[in-house]
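The primary structure of each chain is shown beneath.
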Amino acid sequence: MRRAALIAVPYVWLLALFLIPFVIVFKISLSDIALAIPPYTPTMKDGFWTMVQGLDFENFVFLTEDDLYWKAYVSSLQIAFFSTLLTLLVGYPMAYAMARAPEEWRPTLMMLVILPFWTSFLIRVYAWIGILSSEGFLNQFLLWLGLIDSPLTVLNTNTAVYIGIVYTYLPFMILPIYAALDRLDGSLIEAAEDLGCSRLQAFWLVTIPLSKNGIIAGCFLVFIPALGEFVIPSLLGGSGTLMIGKVLFEEFFSNRDWPVASAVAVILLLILIIPIILFQRNEQRNAEAEG
Amino acid sequence: MEPRPKSFYFLSAFFVLFLVFLYGPTLTIGILSFQGPGGGLTFPMRGVSLHWFRDLFEQQAVGDIWGSFSRSLVLGLMVMVTTVVVSVMGGLAFRKRFAGSTVLFYLIITSLVIPSILISLGVGLIWSQSGLPVHWSSSGFGAQLTWTLPFGLLIMFAVFNRFDRSYEEAARDLGASPWQVIRHVVLPIIAPSLIGVALFGFTLSYDEFARTLLTSGSYNTLPLEIFGMTTNVTTPVLFALGTLTTVFSLLVIGIFLLVVWLLNHRRARQGSDAGKGMV
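Residues numbered from 1 in each chain as written. Chains lettered and ligands numbered in written order. Predicted model: local features only at pLDDT ≥ 70, side-chain atom pairs only at ≥ 80, totals over all residues. Heavy atoms only, no water.

Draft legend 1. Region of interest: the packing of aromatic side chains. All names here are of chain A. What the rule picks out here adds up to 22 aromatic pairs over all chains. The interplanar angle of 35° and the centroid separation of 4.3 Å between the aromatic rings of Phe230 and Phe249 together place this pair among those described as tilted. With Phe230 in the loop between α11 (212-227) and α12 (231-236) and Phe249 in helix α13 (residues 244-253), this pair connects stretches of sequence that are 19 residues apart. Here the two residues Phe230 and Phe249 agree in accessibility, since each one is buried. (Phe/Tyr/Trp six-rings, centres within 6.5 Å; stacked < 30°, edge-to-face > 60°. Helix = DSSP H or I, 4+ residues; strand = E, 2+ residues; numbered from the N terminus. Buried < 20%, exposed > 50% of the residue type's maximum accessible area, 1.4 Å probe, protein only.)

This is the structure:
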């Protein structure tokens, strides 16, 4: 009996704050915009059946008609994909270096990776404006070195968004890969080398496959939130940066078109379900492998 | 000592470069917050001053940051306590498989990885739909829990996975009631992890932006206030605020670490304090 109560608490919380909101979001995505509070129609007040009859897929049809939306989805997917790849390329060597470091350094290195998190995320992203702008630190440094003659335009481009995402999500990539590499048995590499592998071959044939789970977990932890990212594109991106998180925000706040905002959200969720299922499968396989 | 392989120097160089990337913005914030009164948002420094820190304490220069700071602090503490309590309960419940435990586990993971803006929209709508006022301490609190609870629960699952149940059995054999087992055996053993969960809960809540965005109503939390400032404040006052809040976060971590240290210290001196309260 008491056990049932214990289990019920997380369940109720998830139902109340996670599943029901989505049912409501879905319902509103089928409604029409109205000049009222709340700004859509029909509502529960009109009676259940009248409400159900008033629902249709108009907003979803609208999303396919205006090419702004699918362009935003495609460009979000693209930005999320390439920034995940970049994060992996930067994060893997970092995690590898941490796992190879002498035992007594590792907690310090770990602390170094996590420490920047204690500064407000928004202000850290904002600081990139001071670094990347045309009179910013980066340009002044490159001009001083004589590498460039005129300042580079980085701020308000997609490059700045990539830098921002890689910077923000790096720890999410490093920590799972580090966890996988830390458990790796060094004698396996020795064995591979004894059996005639070069160092590079041993790395490619032994280390990479054994850290596969860490790589997969890290990639999902970066890709999925990056897809819905809102802060980074709105602070660092330019008018040409289309990301679905930004579109969602503008529909909700600037246009106050809640039905369309909800439709945008429902489609984003559908896009995300595939990687989330893959992620869960991977987690489950890990759990089974560990017994 | 054998010579270090070439890869050591290569990796070290890479790590240093990486630290520059990771700490560049933090250092920029730290240095530029001491910008002279005439200076701007970028280098060079035009003198060194505390001008922008003083500005933080003048209402007209920065708006309601102290109000939003205290709201964030209270909200962080509320989220922290709830996360710790529910995580422990969830962790205890999860030690045995039960109908739907896999579904619940998946829900936890999903809630963790879904873009925050979706949660924010959903929770915001549930409140406005049911006619409740959207407020940081109700809908904002709920939305933040969808972020901190999965973290807390996953940590507790890992902790209870490694938990040696023979301690509990021993306590039961010695006549402890279920509540006494939890109070005097389980909780003292998992105390350090609980402090970790508490720290996580507090800092995740304190810095949360997207999930609070559509759920906080008319009173802003600190990150929302800062976001407002990023669009209309163009002076280093923002960096001064960054420095100040970082110092505050470090103080909080310092306090937590001190508590952990004291707990360990007490335990080392007294042996395990499990069961001490029963005398």
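Draft legend 2. Broad picture of the domain arrangement of chain A. All names here are of chain A. Domain boundaries assigned for chain A yield domain 1 (1-65) and domain 2 (67-290). In this assembly, 16 residues from domain 1 lie in contact with 15 residues from domain 2. In total, domain 1 and domain 2 occlude about 1,300 Å² of area from one another, counting both sides; carbon and sulfur atoms represent 81% of this. Linking domain 1 to domain 2 there are zero salt bridges. Inspection of the region where domain 1 meets domain 2 yields zero residue pairs in polar contact (both at pLDDT 80 or more). Counting residues per element, the ones that place at least two in the side of domain 1 that touches domain 2 are α1 (2-29), β1 (32-33) and α3 (58-65). Classifying every residue of the side of domain 1 that touches domain 2 by side-chain character gives 11 nonpolar, three polar and two charged. (Domains from an automatic or database assignment. Contact = heavy atoms within 4.5 Å. Buried area = accessible area lost by both parts, 1.4 Å probe. Salt bridge = Lys/Arg side-chain N within 4 Å of Asp/Glu carboxyl O. Polar contact = N/O pair within 3.5 Å; in protein donor to acceptor, adjacent residues only side chain to side chain. Nonpolar A, V, L, I, M, F, W, Y, C, P; charged D, E, K, R; others polar.)

Draft legend 3. Focus on the nonpolar core. Judged by nonpolar contacts, the single largest core of 152 residues is most densely connected at B:Phe18, B:Ile190 and B:Phe209. Taken domain by domain, this core gets at least three of its residues from each of domain 1 (1-65) and domain 2 (67-290) of chain A. Beyond its immediate sequence surroundings of up to four residues, B:Phe18 is in contact with A:Val90, A:Met94, A:Val113, A:Leu170 and A:Ile174. (Core = buried A, V, L, I, M, F, W, Y, C linked by side-chain atoms within 4.5 Å.)

Draft legend 4. Region of the structure containing the side chain of B:Glu168. Residue and element names in this part refer to chain B. Its location among the elements puts Glu168 in helix α8 (residues 166-173). Note on Glu168: relative accessible area 4%, which makes it buried. Setting aside its immediate chain neighbours within four residues, Glu168 contacts Arg95, Phe163, Val181, Val185 and Val186.

Draft legend 5. Here's a closer look at the layout of surface pockets. Taken as a whole, the second largest pocket holds about 990 Å³ of empty space. Along its surface, the second largest pocket is lined by 30 residues, and A:Tyr96, A:Arg100, B:Ser7, B:Phe8 and B:Leu11 are the ones closest to its centre. Considering every element that reaches the lining of the second largest pocket, the biggest residue donor is helix α1 (residues 6-32) of chain B, with seven residues. Partitioned by chemical class, the residues of the lining of the second largest pocket number 21 nonpolar, four polar and five charged. (1 Å grid on protein atoms, 1.4 Å probe; cavity = no way out; pocket = protein on both sides within 12 Å on 5 of 7 lines; lining within 4 Å. Points joined across faces, edges and corners; volume = space filled by probe spheres on them.)

Draft legend 6. Local environment of the interface of chain B and chain A. On the side of chain A, 81 residues touch chain B, which itself brings 77 residues to the contact. Approximately 7,200 Å² of surface area, both sides summed, lies buried where chain B meets chain A, with 81% of it carried by carbon and sulfur atoms. Taken together, the links from chain B to chain A amount to zero salt bridges. At the boundary of chain B and chain A, one finds four residue pairs in polar contact (both at pLDDT 80 or more). Those elements that provide at least two residues to the side of chain B that touches chain A are α1, α4 (65-93), α5 (101-113), α6 (116-129), α7 (136-161), α11 (222-232) and α12 (237-270) of chain B. Looking at the side of chain B that touches chain A, the element that brings in the most residues is α1(B), giving 15 residues. The residue makeup of the side of chain B that touches chain A, split by class, is 53 nonpolar, 21 polar and three charged.

Draft legend 7. Quick peek at the environment of B:Ile155. Residue and element names in this part refer to chain B. In this fold, Ile155 is placed in helix α7. Given the relative accessible area of 25%, Ile155 is considered partly exposed. Sequence separation between Ile155 and Gly91 is 64 residues; the distance between their C-alpha atoms is 8.6 Å. Excluding residues within four positions of it along the chain, Ile155 makes contact with Val197 and Phe200.

Draft legend 8. Local environment of a negative patch on the surface. Residue and element names in this part refer to chain A. Negative charge collects at one region of the surface, where Asp185, Glu190, Glu193 and Asp194 lie side by side. On the secondary structure map, Glu190 appears in helix α9 (residues 186-194). Classification of Glu190 by relative accessible area gives exposed; the value is 52%. (Patch = residues over 30% accessible without salt bridge, like charges linked within 9 Å, V, L, I, M, F, W, Y side chains within 5 Å. Areas by Shrake-Rupley, 256 points an atom, 1.4 Å probe, with all protein chains shown as cover. Lys, Arg positive; Asp, Glu negative; His and termini not counted. Charge placed at Lys NZ, Arg CZ, Asp CG, Glu CD.)

Draft legend 9. Layout of the confidence of the model for chain A. Across chain A, pLDDT averages 81, with 88% of residues at or above 70. Averaged pLDDT values over the elements of chain A bottom out at 69 in helix α2 (residues 48-53) of chain A and peak at 90 in helix α4 (residues 67-100) of chain A. (pLDDT = per-residue confidence, 0-100.)

Draft legend 10. Structural detail: the pattern of salt bridges. Residues and elements named next belong to chain A. Applying the stated criterion to the full structure yields four salt bridges over all chains. Across the pair Glu103 and Arg106 runs a salt bridge, and its minimum N-O distance is 3.9 Å. Residue Glu103 is classed as exposed on the basis of its relative accessible area, which comes to 58%. According to the relative accessible area criterion, Arg106 is buried, its value standing at 16%.

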